[in-house]
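# Coordinate analysis (summary)
Below, each chain spelled out in residue letters.
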Amino acid sequence: MIDVATWIGPYPFRDVPHPEPAILAGVVEREGLSGAWVGWLPAAWQRDPAPGNEHLLAALSPHPTLHPAPVVRPDWPRWERTLDDLLARRAVAIRAYPMHWGLPPASAAMLALGAACAERKVPLLLTVRFEDLRQRSALDVAADLTAAHVRALARSHPDIRIVITAAGRDLIEETHWGLTPEEQQRVHWDFAWVWGPPEEHFAHLIRTLGPARFVHGSHWPLRLVQNSQANLDLLPDELRAVAITDAETLAKTVGKNPT
Amino acid sequence: MTELLIDVHAHFLHAGAGRADWERVNRARLTAGERMGIRCHVASVLGSYGHTSPTYFPSPADVTAGNAAMRVIAEREPHRVRWYVTVNPNYTAHALAEIRNARQDGAIGVKLLASRRADDALLDPICQLAAEAGMPVLHHIWQHRTREWPNQEISDGADLARLAARHPQTQFILAHLGGGGDWAHTLSAVADSPNIHPDLSGSGIDRGMLDAAIRALGAGRVLWACDLTMETGLAKLRALAHVGLTDDDLADIRWRNAVRLFGAAAFPMVHA
């Protein structure tokens with residue numbers, strides 16, 4: 001099982017314990033995961049993602065279970081060339097941070113990036129939030145990713161595959177039920193921020209959206225890696241055998257009819 | 001006996017909460033607790049949870065109804081549920097009467113919401129009575145209050161530290177270190193308040209929080225708990241295995257600190 005939501009590198013707003021690739025590789029092994037999609041954490045707050053991408057690729061190269069998910073900023077010059085270069089250098093998914101870049105839901109740049117990812121059969125990875133609103137630094141002014149952003153992308157290209165991390169139940173439902181059945185199949189969600197018992201939001205979403213819409217994501221090094229498995233382990237008895245999607249399969253399904 | 005586990009911060013719903021699914025939610029807590037190995041839920045009912053008066057400013061009638069519902073749950077589940085009596089300090093006489101009655105009915109602690117800031121003088125008679133009754137006070141807390149938040153008169157660790165200094169004989173549980181705000185601020189704010197014991201509950205699961213809390217306060221002052229999100233409680237429980245604790249430290253956090261605070265008589269199921 002792939003963890004789609006991990007980063008290395010320092011976090012601007014608080015000290016995070018050892019956000020280093022060797023530590024992450026150990027965590028992946030300890031937790032029984034097959035690997036992780038890894039980003040460069042500071043990149044979300046940096047105007048030019050290129051230096052962060054270089055740091056990321058260099059840092060991950062000794063670690064075969066850590067797969068780079070670098071950033072492509074589609075309102076930046078020569079971004080298509082950057083995208084192709086990163087894919088040639090074993091990027092497995094492309095991250096984008098439209099809220100941090102001030103790009104609206106119908107941004108032509110974001111839709112162009114979505115189309116480019118779809119044509120290249122690479123998932124587009126978007127993060128709703130890094131921290132709970134209640135503890136966010138006064139300097140961290142980017143709003144949470146909106147459902148409108150996700151719906152616009154999901155409707156934009158038949159072959160797009162979008163992975164959304166750190167969404168709660170409200171955003172997931174607002175997006176999912178605002179899409180056609182075909183469009184819904186283009187979006188996958190991690191459930192690291194979805195409540196388990198006693199409210200059982202995760203169980204509700206498994207019942208209503210189906211387990212195939214969900215992938216595993218931990219938000220390491222910001223959050224405890226144990227949370228997603230805990231959520232799975234606390235599903236009601238009748239749901240405990242459900243199989244979520246292994247993100248490793250997503251790139252292989254890009255461009256094929258959804259099942 | 002590291003396997004024992006007490007959740008010192010739980011809630012149950014009731015028919016007056018305005019939710020048709022309240023029984024399902026209560027069952028889900030108990031079922032998840034069984035799976036997690038929780039031997040005892042120390043729980044409260046927060047008035048009507050906003051249905052007929054605000055959650056954090058419950059009316060006296062809702063306080064009484066909620067406490068009555070909580071008592072019924074505890075009496076129905078004597079092998080796994082203990083309870084806090086919830087009070088609103090704006091109604092002093094009512095609050096004191098609720099505590100006295102609830103103590104007679106088996107309550108083992110007092111729950112304070114955000115009806116009045118923690119260092120307000122109106123909390124003094126409540127804390128004094130709690131100390132006399134040997135009942136720890138679980139106080140709802142925001143970690144580092146940097147502004148007012150709607151629907152609550154929120155307190156932070158520094159506010160609670162001022163109250164705790166006025167009541168050295170009263171034991172306070174600082175609610176949900178992972179429940180929003182800046183937990184690092186709280187650790188500094190209560191470090192010199194030995195009668196404040198943070199619980200680890202809340203939806204926040206920041207890496208580094210557990211280590212920092214134990215480093216700042218010691219394992220003898222930290223209590224494991226869930227509050228509204230039991231999956232984050234389980235995640236923290238599993239993470240505690242990786243922060244370098246001794247078996248004694250782990251037992252303290254899982255259950256022994258709770259027994260010390262509430263008294264062994266509060267948890268006969270633990271010693272059965």
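What counts, and where the lines are drawn
Residues numbered from 1 in each chain as written. Chains lettered and ligands numbered in written order. Predicted model: local features only at pLDDT ≥ 70, side-chain atom pairs only at ≥ 80, totals over all residues. Helix = DSSP H or I, 4+ residues; strand = E, 2+ residues; numbered from the N terminus. Rg over C-alpha atoms; globule rule 2.2 N^0.38 Å. Contact = placed C-beta atoms within 7 Å. Buried ≥ 20, exposed ≤ 12 C-beta atoms within 10 Å, placed from the backbone. Pairing = 2+ DSSP bridges. Axes fitted to C-alpha atoms, helices over the stretch in contact; angles between N-to-C directions. Nonpolar A, V, L, I, M, F, W, Y, C, P; charged D, E, K, R; others polar. Arc of directions from axis to C-beta. Core = buried A, V, L, I, M, F, W, Y, C linked by C-beta atoms within 7 Å. Right-handed = clockwise from strand over helix to strand, strands pointing away. pLDDT = per-residue confidence, 0-100.

This next bit is on the overall build of chain A. The secondary structure content of chain A amounts to eleven helices and eight strands. Its C-alpha radius of gyration of 17 Å places chain A within 12% of the 18 Å reference for a compact globule of 259 residues. Reported as C-alpha extents along the three principal axes, the dimensions of chain A are approximately 50 × 40 × 40 Å. Of the contacts made within chain A by residues no fewer than 6 positions apart, 76% connect residues no fewer than 24 positions apart.

The subject of this paragraph is helix H8 (residues 230-239) of chain B. When you tally the buried positions in H8 of chain B, you get nine out of ten residues, the bulk of the element. Regarding H8 of chain B, the residues found buried are Met-230, Glu-231, Thr-232, Gly-233, Leu-234, Ala-235, Lys-236, Leu-237 and Ala-239 of chain B. Of the surrounding elements, those touching the buried residues of H8 of chain B are helix H10 (227-233) of chain A together with strand S1 (6-11), helix H1 (22-36) and helix H7 (209-217) of chain B.

Residues and elements named next belong to chain A. With parallel pairing, three strands are arranged side by side in an open sheet as S1-S2-S3. With partners counted over all chains shown, the strands left at the sheet margins are strand S1 (2-8) and strand S3 (66-68), one partner each. In this sheet, neighbouring strand axes are inclined to one another by 40 degrees on average, regardless of whether the strands run parallel or antiparallel. Inspection of the sheet shows S1 paired to strand S2 (residues 35-40) by five bridges, in the parallel sense. Residue pairing for S2: Asp-3 is matched across the bridge by Ala-36. In the packing of helix H2 (residues 50-60) onto the sheet, the strands contacted are S1, S2 and S3, and the crossing angle to S2 comes to about 145 degrees.

This part covers the interface of chain B and chain A. Each partner contributes residues to the interface: chain B has 23 residues there, and chain A has 22 residues. Looking at the side of chain B that touches chain A, the elements with two or more residues in it are H1 and H8 of chain B. Among the elements that line the side of chain B that touches chain A, the one with the most residues is H8 of chain B, at eight residues. Split into classes, the residues belonging to the side of chain B that touches chain A amount to eight nonpolar, six polar and nine charged.

This part covers helix H1 (residues 21-30) of chain A. Within an α-helix, residues lying three or four positions from one another point in the same direction, as the helix has 3.6 residues per turn. Residue and element names in this part refer to chain A. Along H1, the positions that sit buried rather than exposed are Pro-21, Leu-24 and Val-28. Angularly, the buried residues of H1 cover 60 degrees about the axis, an arc narrow enough to put them on a single face. Seen from the open side of H1, the exposed residues pointing more than 90 degrees away from its buried face are Gly-26, Glu-29 and Arg-30. Buried residues belonging to H1 abut S1, S2, H2 and S3.

Here the focus is the sheet that holds strand S5 (residues 124-127) of chain A. Working definition: the strands of a sheet are paired by backbone hydrogen bonds and lie parallel or antiparallel to each other. Residues and elements named next belong to chain A. Taken in spatial order, the five strands make up an open sheet running S4-S5-S6-S7-S8, and their pairing is parallel. Looking at which strands have only one partner, the edges of the open sheet turn out to be strand S4 (94-96) and strand S8 (214-215). Looking at chain direction, S5 and strand S6 (residues 162-165) are connected through four bridges and run parallel. Looking at the pairing, Leu-125 lines up with Val-163 of S6.

What follows concerns the nonpolar core. Counting 163 residues, the largest nonpolar core has Trp-37, Val-38, Ile-94 and Ile-162 of chain A together with Val-110 and Leu-160 of chain B as the members making the most contacts within it. The contacts of Val-110 of chain B, once residues within four sequence positions are left out, are Tyr-84, Val-85, Val-87, Ile-99, Ile-126, Ala-130, Met-135 and Val-137 of chain B.

With that settled, the discussion passes to the pairing of S6 of chain A. All names here are of chain A. Of the two faces of S6, both are covered, the one formed by Ile-162 and Ile-164 as well as the one formed by Val-163 and Thr-165. Read as a crossover between parallel neighbours, the route from S5 over helix H6 (residues 147-154) to S6 is right-handed. Judged from the three bridges that link them, S6 and strand S7 (residues 187-190) form a sheet pairing that is parallel. Directly across from Val-163, in S7, lies its bridge partner His-188.

Taken residue by residue, chain B gives an average pLDDT of 96. The fraction at 70 or more is 99%. The complex model carries a pTM of 0.96, and its ipTM stands at 0.95.

Here the focus is unusual backbone geometry. A cis geometry characterises the amide bond from Pro-197 of chain A onward to Pro-198 of chain A, with omega recorded as 5 degrees. Note the cis peptide between Trp-220 of chain A and Pro-221 of chain A, where omega equals 10 degrees. Counting through the fold element by element, Pro-221 of chain A comes out in the loop between S8 and H10. The backbone phi angle of His-176 of chain B is positive, close to 40 degrees, even though this residue is not glycine. Mapping His-176 of chain B onto the fold places it in the loop between strand S6 (172-174) and helix H6 (183-190).

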